[in-house]
Amino acid sequence: MSAADTTTAKVPPTRQSPPPPPPAGGPGAKRPRGGRGSRGATTPWLLLAPCLLVLALVMGYPLVRLVTLSFQKFGQSQLWGFQPAESVGFDNFTGVLGDGEFWQVVFRTIVFAAGCVIFTMVIGMLIALLLQRVSGWVKTLVNIALVASWGMPVIVATTVFKWLFDADYGILNAVLSRLPGVELIGHNWFASGPQGLAVIMLLVVWGAVPFVVITLSAGLTQVPAELEEAARLDGAGAWGVFRYVTLPILKPIIVMLTTLSVIWDMGVFPQVFVMRNGHPEAEFQILTTYSYDRAFVVNDYGQGSAIALITVLLLLGVVAVYMRQMLKIGEVE
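Residues numbered from 1 in each chain as written. Predicted model: local features only at pLDDT ≥ 70, side-chain atom pairs only at ≥ 80, totals over all residues. Heavy atoms only, no water.

## Thoughts on the overall build of the protein
Secondary structure assignment for the protein yields 14 helices and two strands. Of all 333 residues assigned to the protein, the portion counted as buried reaches 32%. Looking at the protein alone, contacts between residues at least 24 apart form 63% of all its contacts between residues at least 6 apart. Summing over all exposed atoms, the protein offers an accessible surface of approximately 21,500 Å²; the carbon and sulfur share of this is 68%. (Helix = DSSP H or I, 4+ residues; strand = E, 2+ residues; numbered from the N terminus. Buried < 20%, exposed > 50% of the residue type's maximum accessible area, 1.4 Å probe, protein only. Contact = heavy atoms within 4.5 Å. Areas by Shrake-Rupley, 256 points an atom, 1.4 Å probe, with all protein chains shown as cover.)

Now the structure itself:
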């Protein structure tokens, strides 16, 4: 072996790089089997199809029928098939919007709903804050009472309130009359509209407070104790801690509860209807009962549908405000 052979190092052969992959869509490209991408996009819609079908049947058809009737002359003759339904354009809406009684009902409904919402939210917040500061067994008893009142059927609750505020046999008049200088034996709470609506408002608030309390109590558990302690160390009192720490954290929940309460309270019907024995007087009429009377008492289903459709549009405005507030909260977060 020569010196050249002993000093020359053996270099390993170079490894060839793999050929580049074929371009997408080219002749050598592999295509997904069975359209997996399109199948994945349609799967959620297939799963939602039964629910969407039920919603379309339960809500879609009545809404379409409501819109159709609001543009027709539809009374008992059309209901029984003696005459065909006649299209009247916007005459039903013109008649409703030009009626002074309708605007009184709208104003009464807004005041009634606003009072119910304000009292529901304030009382619900106070009870939720109180539950954070009581012992465990007291909290359990209060929660049981709240769930029991929340689960009570509306008709049963309305009947109980009718007995409580009855002019002849009501226990409330008897209890209040025991106070010095108070004489309410035989007092009729429904002799005037404001007093009667205040009683009905109390009934609505009583049924709505449990949901608000339970929801706000769950939200209060998410408030960091460190932030509250830091606020107290900075000199904030109980109101300062609530205003600058608790309230901003609960704002999304409060917006949701307020919007739902507005929708529910503007749609109140059985409380007024049953409390007034199925025949609410003019000073007790709100939009839901007013629409019912026009449709099933006066037998003018066209105007009744127009009033109901106007109510739906008002509620859609509330929903739009709610969605805007939630989007703003999402942007801030």
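## Re the pattern of salt bridges
Per the stated rule, a full pass over the model turns up four salt bridges. With its nearest N and O atoms 3.1 Å apart, the salt bridge here joins R294 to D99. Of this pair, R294 sits in helix α13 (residues 287-297) while D99 sits in the loop between α4 (91-97) and α5 (100-131), and the two are 195 residues apart along the sequence. Under the relative-accessibility criterion, R294 is labelled buried at 17%. By relative accessible area, D99 is classed as partly exposed at 22%. The closest approach of N and O atoms between E228 and R232, which form a salt bridge, is 4.0 Å. Remark: R232 and E228 occur in helix α10 (residues 225-233); sequence separation between them is four residues, near one turn of the helix. For R232, a relative accessible area of 42% gives the class partly exposed. One network of salt bridges, in which partners are shared, links E228, E229 and R232. (Salt bridge = Lys/Arg side-chain N within 4 Å of Asp/Glu carboxyl O.)

## Examining the packing of aromatic side chains
Counted according to the given criterion, the structure contains 17 aromatic pairs. Here W239 and F242 contribute two aromatic rings whose centre-to-centre distance is 5.8 Å and whose plane-to-plane angle is 35°, an arrangement assigned as tilted. Separated by three residues within a single helix, W239 and F242 lie in helix α11 (residues 238-266), roughly one turn from each other. Linked through ring pairs, F74, F269, F273, Y292, F296 and Y301 together constitute an aromatic cluster. When the ring centre of F284 is taken as origin, the NZ or CZ atom of R276, which lies over that ring, is 5.0 Å away. (Phe/Tyr/Trp six-rings, centres within 6.5 Å; stacked < 30°, edge-to-face > 60°. Lys NZ or Arg CZ within 6 Å of the ring centre and 35° of its normal.)

## A short note on the nonpolar core
Of all hydrophobic cores here, the largest spans 31 residues; its most connected members are F102, L216 and L287. Sorting the residues of this core by element identifies α4, α5, α9 (193-220), α11, α13 and α14 (301-332) as the ones contributing at least two each. Discounting residues that sit within four places of it in the chain, L287 has contacts with F102, V105, V106, T109, M266, I307, T311 and L314. (Core = buried A, V, L, I, M, F, W, Y, C linked by side-chain atoms within 4.5 Å.)

## Points about the side chain of Q303
You can see Q303 is positioned in helix α14. If near-sequence neighbours (up to four positions away) are discounted, Q303 is found in contact with N92, G95, V96 and R294.

## Digging into the packing of α10 against α11
Orientation of α10 relative to α11, taken along the N-to-C sense of each, is 160°, at an axis distance of 9 Å. Classed by the angle they form, the pair α10 and α11 counts as roughly antiparallel. Relative to α11, the crossing made by α10 is right-handed. On the side of α10, the interface is formed by L227, E228, A231 and R232, while α11 contributes V241, V245, T246 and I249. By residue class, the composition of the contact of α10 with α11 is five nonpolar, one polar and two charged. (Axes fitted to C-alpha atoms, helices over the stretch in contact; angles between N-to-C directions. Parallel < 35°, antiparallel > 145°, perpendicular 65-115°, else oblique. Left-handed = near helix turned anticlockwise from the far one by under 90°. Nonpolar A, V, L, I, M, F, W, Y, C, P; charged D, E, K, R; others polar.)

## Concerning a nonpolar patch on the surface
Among the surface-exposed residues, W45, L48, L52, L53, V54, L55, L57, V58 and M59 lie close enough to one another that they form a single nonpolar patch of about 950 Å² accessible area. Looking at where L48 falls in the secondary structure, it is placed in helix α2 (residues 36-70). On the basis of relative accessible area, L48 is assigned to the partly exposed category, the value being 43%. (Patch = residues over 30% accessible without salt bridge, like charges linked within 9 Å, V, L, I, M, F, W, Y side chains within 5 Å.)

## Describing the packing of α5 against α13
Remark: α5 packs on α13, axes separated minimally by 9 Å, with the N-to-C direction vectors making an angle of 145°. Together, E101, F102, V105, V106 and T109 of α5 and L287, Y290 and R294 of α13 make up the contact between the two elements. For the contact of α5 with α13, the class distribution of residues is five nonpolar, one polar and two charged.

## So, unusual backbone geometry
With a phi angle near 60°, N277 is a residue other than glycine that sits in the positive phi range. Looking at where N277 falls in the secondary structure, it is placed in the loop between α12 (270-275) and α13. Assessed through its relative accessible area of 53%, N277 is described here as exposed. Its identity is not glycine, yet N299 carries a phi of approximately 65°, on the positive side.

Worth remembering: the numbers are spatial, not functional.
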